[in-house]
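# Overview (structure and organization)
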Amino acid sequence: MDNIVKFLKYFLVNLWMAFRSLFWEREAGIILIGSWFGEKYADNSRYLYEYLSNHMEELGLAHVVWVSENNKDIQNLRAMGYEAYWMHSKESIRYHKRAGLHIVCNSSSGNGDILGQYSYGAKKLNLWHGVGVKSMAYTSNEFKRKKKKYRLIYYLYEFCFQKYGWFRSMTLKGGWANCYYLATGRLNAEALKKCLWLTDKNIIISNYPRNCECQKLMKEESELIQYFEKFEKIVLYLPTFRNEETVFDLNLTLRKLGEINDSRILMIAKLHQASNMNPEDSNILILPKNFDINVIIPHIDVLLTDYSSCALDAMYHNKKCVFFIPDLKEYLNGDTGFLYNPEKYMCGYKVSNLNELNQKIIEACYRSNDYMDEQYHRVKNLFWEDPKELDEIWHDIRRCIYAEK
């Protein structure tokens with residue numbers, strides 16, 4: 001029922017904003033970008049923003065504008081010579097109305113990364129932030145249960161959503177249900193289509209900008225990478241977001257990892273942006289929630305995670321993975337569930353017992369790459385079909401959005 005209520009709400013908002021947009025003059029040379037609900041400067045949006053900002057003249061762009069809720073990020077970007085504004089400022093809203101292309105990377109509604117209600121009349125691109133083995137949106141267990149309970153209503157809603165473009169445009173603020181999505185290959189494209197009820201017309205297949213070399217490191221990022229040089233091995237722990245009760249205990253896990261008695265190994269961790277869990281004191285270096293982990297993945301040796309799509313980013317860079325999954329059964333039957341068979345697509349050491357965790361991390365650090373077998377590379381190639389650099393990614397985006405040859 002939530003989607004029905006949202007539709008009625010957004011229908012009225014969109015009618016008004018569609019009328020207002022008739023008086024806005026969109027310019028193809030102005031691009032507006034945001035990420036992660038305005039809370040952090042990170043992910044695919046950051047990498048593409050820096051590329052576009054650094055090549056404005058040759059790309060024929062007049063303005064590449066970053067909008068954010070984070071004043072520190074805005075100040076840092078301005079100090080670097082980039083154009084950035086507080087999301088609700090007059091300047092930001094002016095560019096919301098003028099930009100010919102709006103770009104986000106997190107919210108499937110477009111709203112939050114930027115002020116999505118102002119996107120009517122602009123071309124819209126969601127770079128997204130990864131689709132791994134876990135389900136989301138219309139493929140989640142939670143949605144399937146709702147659909148089963150209100151079967152007729154949801155079947156009617158899905159039919160209209162898939163068949164009528166005007167209906168789809170009215171379901172999200174600013175018409176974001178009709179935006180383009182960036183996929184890394186056919187498998188990723190099919191996942192997005194299932195999860196978000198997209199069509200082939202909504203999909204741009206290329207590469208993720210965040211897999212390319214970062215154009216400009218922040219001071220704290222550069223200092224951390226330099227700090228890595230003091231250690232032989234770097235292990236990064238990235239637990240995924242959980243929105244239900246499970247047998248997983250973050251603080252117990254962190255304390256266990258802090259017991260690794262090897263001065264050659266640096267253990268670092270970062271919680272998911274949406275997580276409400278507060279880590280207790282431990283011997284592990286805890287990164288701030290707004291830290292962009294994409295800049296350090298190329299520099300680590302082992303990724304420790306569970307069901308997060310970040311494992312695929314680690315595989316892109318040929319990193320070893322350890323999956324700590326004590327709540328596998330609960331996660332399988334919980335609100336989220338799985339899109340793909342975790343046994344088949346989670347390539348690496350799988351650990352369900354806390355007592356075995358540290359041993360497997362040591363093995364991953366110092367053993368040969370024997371487990372990075374044919375299956376590892378097959379899965380990697382399924383998700384990352386054709387690795388490309390930023391200029392090639394932008395070419396693919398422009399070709400699809402502007403129908404360029």
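One can find the structure itself at the top, above this paragraph.
The notes below deal with the structure included here. Fair warning: this is a prediction, and the values are worked out from it, not measured in the lab.

Turning our eyes to something else, we now look at the pattern of salt bridges. Taken as a whole and assessed by the stated rule, the structure comprises 18 salt bridges. The salt bridge involving Arg 367 is made with Glu 363; its shortest N-O contact spans 3.5 Å. Classification of Arg 367 as partly exposed rests on a relative accessible area of 37%. Residue classification places Glu 363 among the buried residues on the basis of a relative accessible area of 17%. In this structure, Arg 399 and Asp 396 form a salt bridge, with 2.9 Å as the shortest nitrogen-oxygen distance. Of this pair, Arg 399 and Asp 396 both sit in helix H17 (residues 390-401), three residues apart, roughly one helical turn.

This brings us to the nonpolar core. Nonpolar side chains in soluble globular proteins generally cluster together in the buried interior. In this structure, Leu 52, Leu 192 and Ile 296 are the most contacted members of the largest nonpolar core, which totals 111 residues. Setting aside residues no more than four positions away along its own chain, Leu 192 makes contact with Trp 128, Val 131, Met 136, Tyr 181, Leu 182, Ala 183, Trp 197, Leu 198 and Ile 203. Of all hydrophobic cores here, the second largest spans 23 residues; its members include Leu 254, Ile 265, Phe 324 and Ala 364.

The phi angle of most residues is negative, glycine excepted, and most peptide bonds adopt the trans form. Here Phe 37, not a glycine, exhibits a phi torsion of approximately 55 degrees, which is positive. Position of Phe 37 relative to the elements: it lies in the loop between strand E1 (27-33) and helix H2 (43-54). For Phe 37, a relative accessible area of 37% gives the class partly exposed. A positive phi is found at Trp 128, a non-glycine position, where the angle reads about 60 degrees. Within the secondary structure, Trp 128 sits in the loop between strand E5 (123-126) and helix H6 (141-149). The buried category is assigned to Trp 128, whose relative accessible area is 5%.

Counted by the stated rule, this structure contains 21 aromatic pairs. Ring plane angle 90 degrees and centroid distance 6.2 Å describe the contact between Tyr 41 and Tyr 49, whose orientation is recorded as edge-to-face. Residues Tyr 85 and Tyr 95 carry aromatic rings whose centres are separated by 5.7 Å and whose planes lie at 25 degrees to one another, so their mutual orientation is stacked. One end of the pair, Tyr 85, is in strand E3 (residues 83-86); the other, Tyr 95, is in helix H5 (residues 90-98), with ten residues separating them in the sequence. By relative accessible area, Tyr 85 is classed as buried at 14%. Sitting above the plane of the Trp 36 ring, Lys 40 keeps its charged end 4.3 Å from the centroid. Above the face of the Tyr 95 ring, Arg 94 is positioned so that its terminal group lies 4.8 Å from the ring centre.

Rules behind the numbers
- Residues numbered from 1 in each chain as written.
- Predicted model: local features only at pLDDT ≥ 70, side-chain atom pairs only at ≥ 80, totals over all residues.
- Heavy atoms only, no water.
- Salt bridge = Lys/Arg side-chain N within 4 Å of Asp/Glu carboxyl O.
- Buried < 20%, exposed > 50% of the residue type's maximum accessible area, 1.4 Å probe, protein only.
- Helix = DSSP H or I, 4+ residues; strand = E, 2+ residues; numbered from the N terminus.
- Core = buried A, V, L, I, M, F, W, Y, C linked by side-chain atoms within 4.5 Å.
- Contact = heavy atoms within 4.5 Å.
- Phe/Tyr/Trp six-rings, centres within 6.5 Å; stacked < 30°, edge-to-face > 60°.
- Lys NZ or Arg CZ within 6 Å of the ring centre and 35° of its normal.

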